[in-house]
Amino acid sequence: MKSRLLDPWPLDERDLSAAERERLERSLAESPELRRELSAWQAIEASLRGSPVIGPRPGFARRWRLSLAERQERRRQRHVKWLLGVLLMGAFAAMLLIGLEALASPAQLGVAWLEAVIRVGQILETGARFLTILGDGWPALLGALALSAGLAWLSVLWAAAMVRYGFGRVQNGVSG
Amino acid sequence: MAGDDEKALINAAVNGDDDAFTKIVERYQKPVYNLCYRLLGNHGDAEDASQEAFMKAYRGLGKYDLQRPFISWLLAIAYNLCIDQLRRRRVTWVGLEALFDRSDPLSRTPEVALEARNEAEGVQKILSTLSVKDRAVVVLRYWYDYSYDEIAETLSLTNGAVKSRLHRARRELMGTWNAEQLALGESQNEVSPA
């Protein structure tokens, strides 16, 4: 059914200007049908406004937190699976390449492996030498460090003494 | 604009504090759930949609603009999820069976409970005659007392579109109400002679 009342005043009564409100009131005084429609609308509006805000079952936040934990765990598992998959694929690809190489020229592959082992050995040896040099120079380094720390401590002590006995006396007017 | 406490919670949540976001969930669960319930019409779907809305908000918190009211942002997420859910279901009818387990039934006398249920059924029934978008406008207007601008911002509509939807919704609600009153009058007339 089409409402005649709501056509000229499409929105809330709160939105009406003074002139529109006056027109509405005049129309209402003249028309019982409009009064009936307005009364019906007011009943609907009261029902809508009077209907409660419905909340969820108790424990909604706890359920949300559990759901979050489950999703995070699933995501972590997905990441682990993805990483494992990539590693396996990489390992498979490497094995495939090595296998093909071995099939093509087994002797050359053997030599290449030995060379690789020798290079690793050389790297380890260089590292060991570096540590030895560092170890030999350690007493000198320790002496320099001790000297620096001592000087720093003396500086702090001097600054503290100045603050307490030098600047403080000047500020208090007892220096003279 | 978000309050200081709310901002602090949001910032903490952005920095990975899940407890802070749980407090946000506790604070806004009721308005979000109510919107979902009013749009979807049953508690099961409303629970799923509101849980998902908070999940989506949690994931998208980094994109939230602190100048915008947080509740409007949340309700916009919930509204879009409900629209998606209804689109998937392709059902516009709103079930009424869930209205029977409304809050705190033990604290009411049978008469009060029956009256409240009838009232609630009536409200939900006339709401269900509206399209979901018009229903959302009505819910935000009459339950949350939102201004036209706030409704427009929440539902990504223009101010004019909000007014037009509200106007149409009111006309449809009036039509349904009048038809129901007519049917009620006829049924009473049939009963009276007997």
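Let us look at the structure shown here. Quantities reported herein were computed from a predicted structural model and do not represent experimental measurements.

Okay, unusual backbone geometry next. Residue and element names in this part refer to chain B. The phi torsion at D145 lies on the positive side, around 55°, for a residue other than glycine. Along the chain, the position of D145 falls in the loop between α6 (132-142) and α7 (148-155). Of note, S156 is a non-glycine position whose phi angle comes to about 55°, a positive value. Tracing the backbone shows S156 in the loop between α7 and α8 (159-191).

For the rest of this paragraph, the subject is the interface of chain A and chain B. Across the contact, 35 residues belong to chain A and 42 residues belong to chain B. With both chains or domains summed, chain A and chain B bury close to 4000 Å², and 62% of this area falls on carbon and sulfur atoms. The salt bridge involving R63 of chain A is made with E47 of chain B; its shortest N-O contact spans 2.8 Å. In this assembly, chain A and chain B are joined by 13 residue pairs in polar contact (both at pLDDT 80 or more). The set of elements that each furnish at least two residues to the side of chain A that touches chain B consists of α2 (32-50) and α3 (60-104) of chain A. Tallied by class, residues from the side of chain A that touches chain B come to 17 nonpolar, 6 polar and 12 charged.

Bringing α2 of chain A into the picture now. Between its first and last C-alpha atoms α2 of chain A spans 26 Å; for 19 residues at 1.5 Å apiece the expected length is 27 Å, and the two agree. Every buried residue of α2 of chain A is listed here: L34, E37, L38, A40, W41, I44, E45, S47 and L48 of chain A.

Residue and element names in this part refer to chain B. Here R89 is to be found in helix α4 (residues 70-89). A residue is classified by how much of its surface remains accessible, and R89, at 29% relative accessible area, is partly exposed. Residues contacting R89, with those up to four places away along its chain left out, are L40, N42 and D45.

F21, L35, F54 and F70 of chain B are the most contacted members of the largest nonpolar core, which totals 68 residues. Top element by residues in this core is helix α2 (residues 18-40) of chain B. It accounts for 12 residues. Built from parts of two domains, this core gets at least three residues from each of domain 1 (1-93) and domain 2 (100-194) of chain B. Not counting the four nearest positions on each side in its chain, L35 of chain B is found in contact with L75, A78, Y79, V139, L140 and Y144 of chain B. L16, L28, L34 and L38 of chain A belong to the second-largest nonpolar core, a separate cluster that totals 5 residues.

Analysis parameters
- Every chain's residues receive numbers from 1 upward, in the order its sequence appears when written.
- Labels are handed out in written order, letters beginning with A for the chains and numbers beginning with 1 for the ligands.
- Given that this is a predicted model, residues contribute local features only at a pLDDT of at least 70 and side-chain atom pairs are listed and counted only at 80 or more, while totals for whole chains, interfaces and linings are drawn from all residues.
- The basis for every side-chain value is the complete set of heavy atoms in the structure, and neither hydrogens nor water enter the calculation.
- Secondary structure elements follow DSSP: runs of H or I of four or more residues count as helices, runs of E of two or more count as strands, with numbering from the N terminus.
- Note on definitions: a residue-residue contact is assigned when non-hydrogen atoms from the two residues lie within 4.5 Å.
- A quick way to say it: buried area is the sum, across both parts, of accessible area lost when two parts are put together, with a 1.4 Å probe.
- Salt bridges are defined as contacts in which a side-chain nitrogen from Lys or Arg sits within 4 Å of a carboxyl oxygen from Asp or Glu.
- Polar contacts here mean pairs of N or O atoms no more than 3.5 Å apart (in protein, one a potential hydrogen donor and the other a potential acceptor; neighbouring residues in sequence count only if both atoms are side-chain atoms).
- Gly falls in the polar group here, along with every residue not listed as nonpolar (Ala, Val, Leu, Ile, Met, Phe, Trp, Tyr, Cys, Pro) or charged (Asp, Glu, Lys, Arg).
- Helix span, as expected, comes to 1.5 Å for every residue beyond the first.
- Only protein chains enter the accessibility calculation, which uses a 1.4 Å probe; a residue whose area is less than 20% of its type maximum is buried, one above 50% is exposed, and one in between is partly exposed.
- To form a nonpolar core, buried Ala, Val, Leu, Ile, Met, Phe, Trp, Tyr and Cys residues must be joined to one another through side-chain atoms within 4.5 Å.
- Residue ranges labeled as domains rest on an automatic or database domain assignment.

Treat this as a map of the structure, not an account of what it does.
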